[in-house]
Amino acid sequence: MNTIDLIGNTPLVQLQHYSTEKVRIFAKLEMHNPGGSVKDRLGKHLIERALEKGTLKRGGQLVEATAGNTGIGLALVATQYDIQCVIFAPEGFSEEKIAIMHALGATIHRTPKTEGMLGARRAAEDYAMSTGAFYTNQFETEDNPGAYKETLAQELLQELPTINYFVAGAGSGGTFSGVSEVLQAHDVKSVVVEPTGSILSGGEKGTHDTEGIGVEVWPPFLDKQWIERVEVVPDDVAFRHVRELAKYEGLLVGSSSGAALEGALRVAERIEHGDIVVVFPDGSDRYMSKQIFQYGGF
């Protein structure tokens, strides 16, 4: 085995504090991937598909816009194929993620926080056009949801055949789209979670402190028919669940996981019985500099 063989097949655990006899909530713990997040699956898939297609070659260069986890996943896999990874990341996100990407050999360019992810995407695209680097383009490529159709969705069907609801946050939208498309054929309903300031629910674009999720433009591969409901979760609620998950379940998760848990709890309130699976995308260790457990003055 090599490092990238460790990507996937992450633990699925029942949340004992939040489950009842009639409604069980299970969490897929994606922080157990070698790079620490669900985006390891994406990094592996994007690079290997590009190598297969010939749009990227060993010893070549790729570029992406990311707040961190996708960059970590890409940089991790790039090390195995002698590929140079160039990342454009907006200011203001977790410095731990930036440090990890640096450690994995990535070159990091910071873009203005005021321009958000759209500004980073423009910079990455300009870089690709001027240098000939392969632009992985996570926010638009159909290979993004494909990463999860072939891995995460199949794992969930094998691990919990009784699943009734799937809950996940949307950043690029790939995790939700890929898994939901597969699960819909098995009569599973899917709920997407976003922070206040994201646009899937029709709200105005704005800032938020919950990292890793939040959409500025509707992802082209996200079909509305897969969405049973959009749950908007304020930052304070997401961070409260981060503290509670540590206290009650012994799980150290990032703020997007706290938001996703809130989405699952809202589903649990609406149904009389059933099994809910929620994705916890990453861990709290990469947000310690942002005082993840002290958010709001705690």
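Everything that follows concerns the structure shown earlier in this document.
All values reported here derive from a predicted model rather than from experimental measurement.

**Student:** Explain the overall build of the protein to me, using residue names and the numbers behind them.
**Tutor:** Along the backbone of the protein there are nine helices and ten strands. Against the compact-globule benchmark of 19 Å for 298 residues, the protein has a radius of gyration of 18 Å, which places it among compact chains. Projected onto its principal axes, the C-alpha positions of the protein cover 55 × 40 × 35 Å. Within the protein, residue pairs in contact and separated by at least 24 positions form 70% of the contacts whose partners lie at least 6 positions apart. Within the protein, the 40 negative side-chain charges are centred at a point lying 1 Å from the centre of the 27 positive side-chain charges.

**Student:** Which residues make up the sheet that holds strand S4 (residues 84-90), and what are the values?
**Tutor:** With parallel pairing, the four strands of this open sheet are ordered in space as S5-S4-S3-S6. The sheet terminates laterally at strand S5 (107-111) and strand S6 (134-135), the two strands that pair on one side only. Inspection of the sheet shows S4 paired to S5 by five bridges, in the parallel sense. By the bridge assignment for S5, Val 86 is matched with Thr 107. Lying on the sheet, helix H2 (residues 69-78) is in contact with strand S3 (61-65) and S4; it crosses S4 at an angle near 170°.

**Student:** Tell me about the pairing of strand S7 (residues 165-169), and please be specific about residues and values.
**Tutor:** For S7, the tally of buried residues reaches five of five residues, placing the bulk of the element in the interior. Here S7 shows a buried face lined by Tyr 165, Val 167 and Gly 169 and a second buried face lined by Phe 166 and Ala 168. Looking at chain direction, S7 and strand S8 (residues 189-195) are connected through five bridges and run parallel. Following the sheet pairing, Phe 166 is matched in S8 by Ser 190. In this view, the connection linking S7 to its parallel neighbour S8 by way of helix H7 (residues 174-184) has right-handed handedness. The sheet contact formed by S7 and strand S10 (residues 274-280) spans three bridges and is parallel. For Val 167, the partnering residue across the bridge sits in S10 and is Val 278.

**Student:** Go over the nonpolar core with me, naming the residues and quoting the values.
**Tutor:** Within the largest apolar cluster, 50 residues are counted, with the highest numbers of intra-cluster contacts made by Ile 47, Cys 85, Phe 166 and Val 179. Element by element, the count of residues in this core is highest for H2, at six residues. Taken together, domain 1 (3-32 + 151-290) and domain 2 (39-135) each give at least three residues to this core, which thus spans both. The contact partners of Cys 85, leaving out residues within four places of it in the chain, are Leu 62, Gly 71, Leu 74, Ala 75, Ala 78, Ala 106 and Thr 107. Ranked by size, the runner-up nonpolar core spans 34 residues in total, among them Ile 213, Leu 251, Leu 265 and Val 267.

**Student:** Give a detailed account of the environment of Asn 69, specifying residues and quantitative values.
**Tutor:** Relative to the assigned elements, Asn 69 resides in helix H2. On the accessibility criterion, Asn 69 (9% relative accessible area) is buried. Sequence separation between Asn 69 and Arg 110 is 41 residues, and the spatial gap between their C-alpha atoms is 15 Å. Those residues in contact with Asn 69 that lie beyond four places of it in its chain are Ser 37, Lys 39, Lys 97, Asp 282, Arg 286 and Tyr 287. Within polar-contact distance, the side chain of Asn 69 engages the side chain of Asp 282 at 2.8 Å. Within polar-contact distance, the side chain of Asn 69 engages the side chain of Arg 286 at 2.6 Å.

**Student:** Any details on the pairing of S10? Residues and values, ideally.
**Tutor:** Most of S10 sits out of view: seven of its seven residues are buried. Here S10 shows no split at all, with Gly 274, Ile 276, Val 278 and Phe 280 on one side and Asp 275, Val 277 and Val 279 on the other all buried. By the bridge criterion, seven bridges tie strand S2 (residues 23-29) to S10 in an arrangement that is parallel. Looking at S10, one finds that Arg 24 is bridged to Asp 275.

Thresholds applied
Residues numbered from 1 in each chain as written. Predicted model: local features only at pLDDT ≥ 70, side-chain atom pairs only at ≥ 80, totals over all residues. Heavy atoms only, no water. Helix = DSSP H or I, 4+ residues; strand = E, 2+ residues; numbered from the N terminus. Rg over C-alpha atoms; globule rule 2.2 N^0.38 Å. Contact = heavy atoms within 4.5 Å. Lys, Arg positive; Asp, Glu negative; His and termini not counted. Charge placed at Lys NZ, Arg CZ, Asp CG, Glu CD. Pairing = 2+ DSSP bridges. Axes fitted to C-alpha atoms, helices over the stretch in contact; angles between N-to-C directions. Buried < 20%, exposed > 50% of the residue type's maximum accessible area, 1.4 Å probe, protein only. Right-handed = clockwise from strand over helix to strand, strands pointing away. Core = buried A, V, L, I, M, F, W, Y, C linked by side-chain atoms within 4.5 Å. Domains from an automatic or database assignment. Polar contact = N/O pair within 3.5 Å; in protein donor to acceptor, adjacent residues only side chain to side chain.

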